[in-house]
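So the chains spell out like this:
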Amino acid sequence: MLTYFAAFEVFFEENLPRLFAHFKKHNLTPDIYLIDWIFTLYSKSLPLDLACRVWDVFCRDGEEFLFRTALGILRLFEDILTRMDFIHIAQFLTKLPEDLTADDLFASIAAIQMQSRNKKWSQILSALQKDTRDTESRSPALKR
């Protein structure tokens, strides 16, 4: 999962640099909100009708869409989140506003670019996974 977080952060910094810096300043790491969002496919944090729409696109487009959705949510609430501290951000991201509309969410998701330095999500993720495997294969502690 750590390589997925690392890939997510590449696109987070690329798409939302101001919010990315704010999260870094407050030591808010992706595991604090992403695990819950991804493992529940947004069913705990989004209104159920929106979560169902996310599931539909996830089934069509694959795992990349789950991370694109996360960036879309962060983009949608960027102005609010940049005025919050760690505790309030974590609370806000746990349960998103009930009045969130599908049009607003999907417009925000559509604005997210899933390319960084001419590399797509799958290429970034593969490179990070390869780096992790290479590091693990050189580690004497893991060879025992």
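Rules of the game
- Residues numbered from 1 in each chain as written.
- Predicted model: local features only at pLDDT ≥ 70, side-chain atom pairs only at ≥ 80, totals over all residues.
- Heavy atoms only, no water.
- UniProt positions renumbered as here; feature names shortened; annotations may be inferred.
- Helix = DSSP H or I, 4+ residues; strand = E, 2+ residues; numbered from the N terminus.
- Phe/Tyr/Trp six-rings, centres within 6.5 Å; stacked < 30°, edge-to-face > 60°.
- Buried < 20%, exposed > 50% of the residue type's maximum accessible area, 1.4 Å probe, protein only.
- Lys NZ or Arg CZ within 6 Å of the ring centre and 35° of its normal.
- Contact = heavy atoms within 4.5 Å.

With that out of the way, let us pick up the UniProt feature "domain: Rab-GAP TBC" (unreviewed entry) in the protein chain. Residues given the UniProt feature "domain: Rab-GAP TBC" (unreviewed entry) here are residues 1-62. Helix makes up 74% of residues 1-62 and strand 0%, whereas the separation of the span's terminal C-alpha atoms amounts to 16 Å.

Attention shifts here to the packing of aromatic side chains. This structure, assessed with the given rule, holds 14 aromatic pairs. Look at tyrosine 4 and tryptophan 121: their rings are 6.5 Å apart centre to centre, the planes differ by 40°, and that puts the pair in the tilted class. With a gap of 117 residues between them, tyrosine 4 in helix α1 (residues 2-15) and tryptophan 121 in helix α9 (residues 121-138) connect regions that are remote in the sequence. Between the aromatic rings of phenylalanine 23 and tyrosine 33, the centroid separation amounts to 5.8 Å while the plane-to-plane angle is 80°, which identifies the pairing as edge-to-face. One end of the pair, phenylalanine 23, is in helix α2 (residues 17-25); the other, tyrosine 33, is in helix α3 (residues 31-39), with 10 residues separating them in the sequence. The pair phenylalanine 23 / tyrosine 33 is uniform in exposure class, with both members buried. Of the aromatic side chains, those joined through ring pairs into one cluster are Tyr4, Phe8, Phe11, Phe12, Phe20, Phe23, Tyr33, Trp37, Tyr42, Phe67 and Trp121. The ring of phenylalanine 106 carries arginine 53 above its face, with NZ or CZ at 4.9 Å from the centroid.

When you line up the elements, glutamate 98 lands in the loop between α7 (86-94) and α8 (102-110). For the pair glutamate 98 and leucine 48, spaced 50 residues apart in the sequence, the C-alpha separation amounts to 9.6 Å.

Bringing the side chain of glutamate 78 into the picture now. As for its position among the elements, glutamate 78 is in helix α6 (residues 78-81). In this structure glutamate 78 touches Leu16, Arg18 and Leu19, once residues within four positions along its chain are discounted.

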